[in-house]
Amino acid sequence: MATTSHLNPPVTYHSLCTMATRATPAMSCPGYLLLLAAAAAALLAAAAAAGDPATKIGICHGRVGSNLPAPEAAAALLKQNGITKARLFLPDPAVLPAFAAAGIDLTVGVPNENLTYLSSSGPDGALQWLRASGLATNPVAARLRSLVVGNEVLYNNQFYAQHLVPAMRNLHAALAALGMDGAVRVSSAHASSVLATSYPPSAGAFDGSVLEVLRPMLRFLADTGAPFMLNAYPFISHASDPANVPLAYALSSSSSSSGAAAATVVQDGALAYTGLFDATVDAAAAALEREGFGGVAVAVTETGWPTAGHPAATPENAAVYNGGVAERAARGTGTPRRPGTPVEVFLFDLYDEDGKPGAEIERHFGIFRADGTKAYDISFA
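These remarks concern the structure in this document. Owing to the predicted nature of the structure, the values given are computational and were not obtained by experimental measurement.

### Some thoughts on the sheet that holds strand 1 (residues 58-61)
Then, in step 1: Judged by pairing direction, the barrel is parallel, and its eight strands sit side by side in the order 1-2-3-4-5-8-11-12 before closing back on the first. Along the sheet, successive strands turn relative to each other by an average axial angle of 25°, direction set aside.

Below you can see the structure in the form of C-alpha cells.
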C-alpha cells in the first residue's frame, strides 16, 4: 500500500487579523439568508428522513499497523457504534468481503501506482482490474459506493497526473458495463493544497498549475454526479501557524457550533465562520464555482485529530474535533456558503497505525484502540 503523509501544506493560512471581504449579491442580503436558512432546514429534514448518505459519518480504515484487529473484528466494531460507511485506501482482499458481509458501505481507493495501467488499458482493462480487485462481485459490488481514483496525486505524485482523468473515465465506463455506474461514484481525493487561495473562503481558487488536469476532471464530476473529494486537516493548519490559526478556530467543526470552540468568528461578507472546517469546505466550493462547476458537491474524504505527537494533539482535543464532525454529519449540517447541502465526511482513522512513516502524529489518529475501546469519549449518533 502506498502511504501518503497527512502533513500536507495546509490551505492558505486564514489570518484573523487582516482580511478583505467579498460576497456575492445573494450573500449580501440578510433577508435572503433568513429565507434560505428556513428552506435549508426543510431540505435537511427531508434528507435525513430519506436516509441521505451525507448525513452518515464514515471512518477511514488505514492498514499500516502491526497490531491491527482482524477485518471481521473491525467491521463488527463499526456496526456496534452505528457506523455504516468506511473508506479503504486500496481494495484489500481481506477487508472487502468482511466489511461487505457486515453491511458496511464502501468507499475504496484506487492506488496511485495503478493509474498508468488503468489509463492506458481502456475500459476493458479497467473492467479486468475491477474483477481482479474483487470489486465487481457480490457481496462487495452491492456495497460499493465510491471509487477514489488516486490519493493526492496533484500534490505529490505529478508523475501520475496525466493518467488520472483517463483512468477515472475508463473505470466509469467499466462500471457502466457492469450496470454499476448508477450506484458507484468515481472521483479522486485531493490535498487541501490544491487550493492556491482559500482566504477568505469566498476567494477560494484552485492552484493554476493543476488546472490542466483539474478542469476536465471537474467536467467529468459534473457529468456523472460525483463529488469533489478533499482531505482537510485543520489540526495541520493550527500546528503550522498557531498565530493565525488559533486552536479554538481549528477545533470547531461547524459554524453553528456552540461553546469555546465557536468563540472566534471570521467574517466573509455576510457569512460568519467559527471553524476552519467550514471555511475550508467553502473555499473549495467557491473554487468550484469560479471554474463554472458550482453544482459539484464537496466531500471530505479525510479529516481527523491526533492524540499524541504535538502539544495540541491530545485525546481531549480529538474528542472535541472528531465529536463535532460526527455530530454535524448526524444533523446533516451544511456550511455557510451551502447551508442546504450536507457535507459527506470520513474521519481518519479507525485505529492508530504504528507503521506509518513521517512525524510522530502520523501514528496517533486512531479513534479506537486495538482492543475495541474508544481512545476518548465520542458519540457517532
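On we go.
### Some thoughts on the packing of aromatic side chains
Then, in step 1: A full pass over the atoms with the stated rule returns eight aromatic pairs.
Then, in step 2: Pairing Phe159 with Tyr160 gives two aromatic rings, centres 5.0 Å apart and planes at 80°, and the pair type is edge-to-face.
Then, in step 3: Judged by relative accessible area, Phe159 falls into the exposed class, the value being 57%.
Then, in step 4: Centre to centre, the rings of Phe348 and Phe365 are 5.5 Å apart; their planes meet at 70°, and the pair counts as edge-to-face. In this pair, Phe348 is assigned in the segment after strand 12 (345-347) and Phe365 in the segment after strand 12, connecting sequence segments 17 residues apart. Across this residue pair, the class does not change: Phe348 and Phe365 are buried.
Then, in step 5: Among the aromatic residues, those joined into a ring-pair cluster are Phe89, Tyr233, Phe348 and Phe365.

### Points about the nonpolar core
Then, in step 1: Phe99, Leu147 and Phe228 are the most contacted members of the largest nonpolar core, which totals 110 residues.
Then, in step 2: For this core, the element with the highest residue contribution is helix 12 (residues 276-290), accounting for nine residues.

### Description of the environment of Ala330
Then, in step 1: Mapped onto the secondary structure, Ala330 falls in helix 13 (residues 315-331).
Then, in step 2: For the pair formed by Ala330 and Ala381, sequence separation is 51 residues and the distance between their alpha carbons is 6.3 Å.

### Points about the pattern of salt bridges
Then, in step 1: What the rule picks out here adds up to 14 salt bridges.
Then, in step 2: For Arg328, the salt bridge is made with Asp278, and the minimal N-O distance between the two is 2.7 Å. Here Arg328, found in helix 13, pairs with Asp278, found in helix 12; they are 50 residues apart in sequence, far enough to count as distant.
Then, in step 3: Among the residues examined, Arg328 registers a relative accessible area of 1% and is labelled buried.

### Focus on the environment of Ala183
Then, in step 1: Topologically, Ala183 is positioned in the loop between helix 8 (161-177) and strand 5 (185-191).
Then, in step 2: Ala183 sits in the partly exposed class, given a relative accessible area of 47%.
Then, in step 3: For the pair Ala183 and Ala141, spaced 42 residues apart in sequence, the C-alpha separation works out to 9.5 Å.
Then, in step 4: Every residue in contact with Ala183, bar those within four places of it in the chain, is listed here: Leu144 and Arg145.

Thresholds applied
- Residues numbered from 1 in each chain as written.
- Predicted model: local features only at pLDDT ≥ 70, side-chain atom pairs only at ≥ 80, totals over all residues.
- Heavy atoms only, no water.
- Pairing = 2+ DSSP bridges.
- Helix = DSSP H or I, 4+ residues; strand = E, 2+ residues; numbered from the N terminus.
- Axes fitted to C-alpha atoms, helices over the stretch in contact; angles between N-to-C directions.
- Phe/Tyr/Trp six-rings, centres within 6.5 Å; stacked < 30°, edge-to-face > 60°.
- Buried < 20%, exposed > 50% of the residue type's maximum accessible area, 1.4 Å probe, protein only.
- Core = buried A, V, L, I, M, F, W, Y, C linked by side-chain atoms within 4.5 Å.
- Salt bridge = Lys/Arg side-chain N within 4 Å of Asp/Glu carboxyl O.
- Contact = heavy atoms within 4.5 Å.

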